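Close look at the chain arrangement
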Amino acid sequence: MGNRFYIAIALIAIVIIGGIFVNIKINNVCSQCIEAVSLVEQSIARGDSVAALSTLLSAQNFWAQSLPFTASVITHDYLDNVSEAFAKACAFLQEYNTEELRGELTELCFHLERVRCYDRLTVRSIF
Amino acid sequence: MLVPFVRTLILYLLIVIAIRLMGKRQVGEMQPTELVITILVSAIASVPMQDIDIPLSHGIVPMVTLIAAEILISALSLKSLWFRRALTGQPIPIIKNGEIDQNALKVLRLNLDDILEDLRLKSVFDLRIVRFGQIETNGQISIMLNTSDSPVTNRALCLSATPENPFFTLISDGKLCPDGFIKAEKSQTWAIDTIKANGVQHPSEVFLLCADLDGNIIFSKKAN
């Protein structure tokens, strides 16, 4: 029992520390993406669609790079929604369709927020 | 196709490690909590095995948590009698001097057929020969027969018997078993000499060789 007891303690510690690390990492990824979306909205308001597209593409790239990690801890449907929203927003921006773009950016923020709260320990998430 | 294959292999290995960590008890010997956790672990593992949209971690983390909790609870039960009683309950006497305690049956929500079936499985067909019986915490019945109906033992017959030592496997299907040599306190030279004395030249020709501490052997030659 001696060794097993310490293994059990170690496993629980790994799960808790791993969980905290995952939360921090996901929070970081989503916050950066949401911040980028906010910058895109500001650029569009200024009429600078080139800067908006550049920011959005870099945010999309950053999201794609973090996918291998996020996919290992978050249900893939959540991630697919974000990737899809990024792709649609980019397409609308390239077509200068600002009306549709605003809606899609709101949608993107909503999906990013869902991913950010996915593993957050709250009463709602537990029950 | 390959993704479920690899995921299944990973989860299989994890289940094997998990069950190994839980200990060597068989299903019938498990406490109710252990049984529930074993079933839960297999159920949890099957979900990410089938659905590749669910991250593997969603199967691994609950499994690891359950096993760790089970080990910690076992450790606590070892340390605290109160905790053990709270977790597994305690044995309840159900038969006294050949009579079934009907109140105990009600408490345990067992019917008469269950008890009689368990007794028959223990080769007891006449309730009157049972002096005492109780339902253990794992749900099995244990019984003590009347002295007059108990199997005869050396002590009852006032016989003194020399204690026998267990046999350990030295050669199994042509392969030497190092653990067996240590436990039986025998050397490989002794084993070679023994098999030669039995008409075999090489251990690879031996199907089974067991020995006890006194040097008694069980020998079986490999069939051609």
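Reference entry: report on the structure contained in this document. On a predicted model such as this, the values are computed, not experimentally measured, just so you know.

Turning our eyes to something else, we now look at the overall build of chain A. In terms of regular secondary structure, chain A is built from five helices and zero strands. The helix and strand sequence of chain A, counted from the amino end, reads α-α-α-α-α. Expressed as a percentage of the 127 residues in chain A, the buried residues total 31%. For chain A, the proportion of contacts with a sequence separation of at least 24, taken over those separated by at least 6, is 73%. In the form shown here, chain A has an accessible surface area of approximately 7500 Å², with 59% of it arising from carbon and sulfur atoms.

Attention shifts here to the sheet that holds strand 3 (residues 130-135) of chain B. All names here are of chain B. An order of 2-1-3-4 is seen for the four strands of this open sheet, with the pairing classed as antiparallel. Each edge of the sheet is formed by a strand with only one pairing partner; in this case those strands are strand 2 (99-100) and strand 4 (141-145). Inspection of the sheet shows strand 3 paired to strand 4 by five bridges, in the antiparallel sense. Following the sheet pairing, glutamine 134 is matched in strand 4 by serine 142. Helix 6 (residues 112-121) contacts strand 1 (92-96), strand 2, strand 3 and strand 4 of the sheet and is inclined by roughly 60° relative to strand 4.

With that settled, the discussion passes to the pattern of salt bridges. Residue and element names in this part refer to chain A. Using the criterion set out here, one finds four salt bridges over all chains in the structure. One salt bridge in this structure joins lysine 88 and glutamate 84, with 3.6 Å as the shortest N-O distance. Of this pair, lysine 88 and glutamate 84 are both found in helix 3 (residues 76-94), four residues apart, which corresponds to roughly one turn of the helix. Since its relative accessible area comes to 45%, glutamate 84 is described here as partly exposed. A salt bridge links glutamate 113 to arginine 116; the shortest N-O distance between them is 3.0 Å. Of the two residues, glutamate 113 and arginine 116 both sit in helix 4 (residues 98-117), three residues apart, roughly one turn of that helix.

What follows is about the side chain of arginine 7 of chain B. Residues and elements named next belong to chain B. The residue arginine 7 is located in helix 1 (residues 2-22) in this model. Despite its burial, arginine 7 pairs with no opposite charge; the closest candidate is aspartate 51, at 6.7 Å N-O. Setting aside residues no more than four positions away along its own chain, arginine 7 makes contact with Pro48, Asp51, Ile52, Ile54, Pro55 and Leu56.

Here the focus is the side chain of histidine 111 of chain A. Residues and elements named next belong to chain A. Structurally, histidine 111 can be placed in helix 4. A relative accessible area of 11% means that histidine 111 is categorised as buried. Contact partners of histidine 111, with chain neighbours within four places excluded, come to Asn81, Val82 and Ala85.

A word on the sheet that holds strand 6 (residues 175-176) of chain B. All names here are of chain B. Strand order in this open sheet of four strands is 6-5-7-8, and the pairing throughout is antiparallel. Both edges of this open sheet fall to strand 6 and strand 8 (217-221), since each of them pairs with a single strand only. Pairing between strand 7 (residues 206-211) and strand 8: five bridges, direction antiparallel. Among the inter-strand pairings, leucine 209 is bridged to a residue of strand 8, identified as phenylalanine 219.

With 18 residues of chain B in contact, the opposing surface of chain A contributes 17 residues. Interface area lost by chain B to chain A is led by Leu21, Asp53 and Leu72 of chain B, which between them contribute 31%. Joining chain B to chain A, the criterion identifies zero salt bridges. Here chain B is connected to chain A by seven residue pairs in polar contact (both at pLDDT 80 or more). Top contributing element to the side of chain B that touches chain A by residue count: helix 3 (residues 57-79) of chain B, with eleven residues. Tallied by class, residues from the side of chain B that touches chain A come to eleven nonpolar, five polar and two charged.

Attention now moves to the environment of glutamate 99 of chain B. Topologically, glutamate 99 of chain B is positioned in strand 2. Put simply, glutamate 99 of chain B and arginine 131 of chain B are 32 residues apart on the chain and 8.6 Å apart in space, counted from C-alpha to C-alpha.

Turning to the pairing of strand 5 (residues 168-172) of chain B, a few remarks are in order. Residues and elements named next belong to chain B. Bridging between strand 5 and strand 7 involves four bridges; their strand directions are antiparallel. When the sheet's bridge partners are listed, threonine 169 is paired in strand 7 with cysteine 210. Relative to strand 6, strand 5 runs antiparallel, the two sharing two bridges. Bridged to isoleucine 171 within strand 6 is leucine 176. Where strand 5 folds back onto strand 6 in an antiparallel hairpin, the turn is made up of two residues, including aspartate 173, whose phi is positive at roughly 50°.

Residue and element names in this part refer to chain B. Pairing geometry for strand 1 and strand 3, over four bridges, is antiparallel. From the neighbouring strand, lysine 96 faces strand 3, where its bridge partner is phenylalanine 132. Of the strand pairs in this sheet, strand 1 and strand 2 are connected by two bridges, and their pairing is antiparallel. Residue pairing across strands places isoleucine 95 opposite isoleucine 100, the latter belonging to strand 2. Linking strand 1 back to strand 2 in an antiparallel pair, the connection comprises two residues, with asparagine 97 at a positive phi of about 50°.

This next bit is on the packing of aromatic side chains. Applying the stated criterion across every chain yields a total of four aromatic pairs over all chains. An angle of 75° between the planes, with centres 5.6 Å apart, marks the rings of phenylalanine 5 of chain A and tyrosine 6 of chain A as edge-to-face. Judged by its relative accessible area of 28%, phenylalanine 5 of chain A falls in the partly exposed class. For tyrosine 6 of chain A, a relative accessible area of 59% corresponds to the exposed category. Aromatic side chains tyrosine 78 of chain A and tyrosine 118 of chain A sit 5.0 Å apart centroid to centroid with 75° between the ring planes, which places their arrangement in the edge-to-face category. In this pair, tyrosine 78 of chain A sits in helix 3 while tyrosine 118 of chain A sits in the loop between helix 4 and helix 5 (123-126), placing the two residues 40 residues apart along the sequence. Given the relative accessible area of 24%, tyrosine 78 of chain A is considered partly exposed. In this structure tyrosine 118 of chain A comes out as partly exposed when scored by relative accessible area, which is 21%. Above the face of the tryptophan 190 of chain B ring, lysine 186 of chain B is positioned so that its terminal group lies 5.4 Å from the ring centre.

Parameters at a glance
Residues numbered from 1 in each chain as written. Chains lettered and ligands numbered in written order. Predicted model: local features only at pLDDT ≥ 70, side-chain atom pairs only at ≥ 80, totals over all residues. Heavy atoms only, no water. Helix = DSSP H or I, 4+ residues; strand = E, 2+ residues; numbered from the N terminus. Buried < 20%, exposed > 50% of the residue type's maximum accessible area, 1.4 Å probe, protein only. Contact = heavy atoms within 4.5 Å. Areas by Shrake-Rupley, 256 points an atom, 1.4 Å probe, with all protein chains shown as cover. Pairing = 2+ DSSP bridges. Axes fitted to C-alpha atoms, helices over the stretch in contact; angles between N-to-C directions. Salt bridge = Lys/Arg side-chain N within 4 Å of Asp/Glu carboxyl O. Lys, Arg positive; Asp, Glu negative; His and termini not counted. Buried area = accessible area lost by both parts, 1.4 Å probe. Polar contact = N/O pair within 3.5 Å; in protein donor to acceptor, adjacent residues only side chain to side chain. Nonpolar A, V, L, I, M, F, W, Y, C, P; charged D, E, K, R; others polar. Phe/Tyr/Trp six-rings, centres within 6.5 Å; stacked < 30°, edge-to-face > 60°. Lys NZ or Arg CZ within 6 Å of the ring centre and 35° of its normal.

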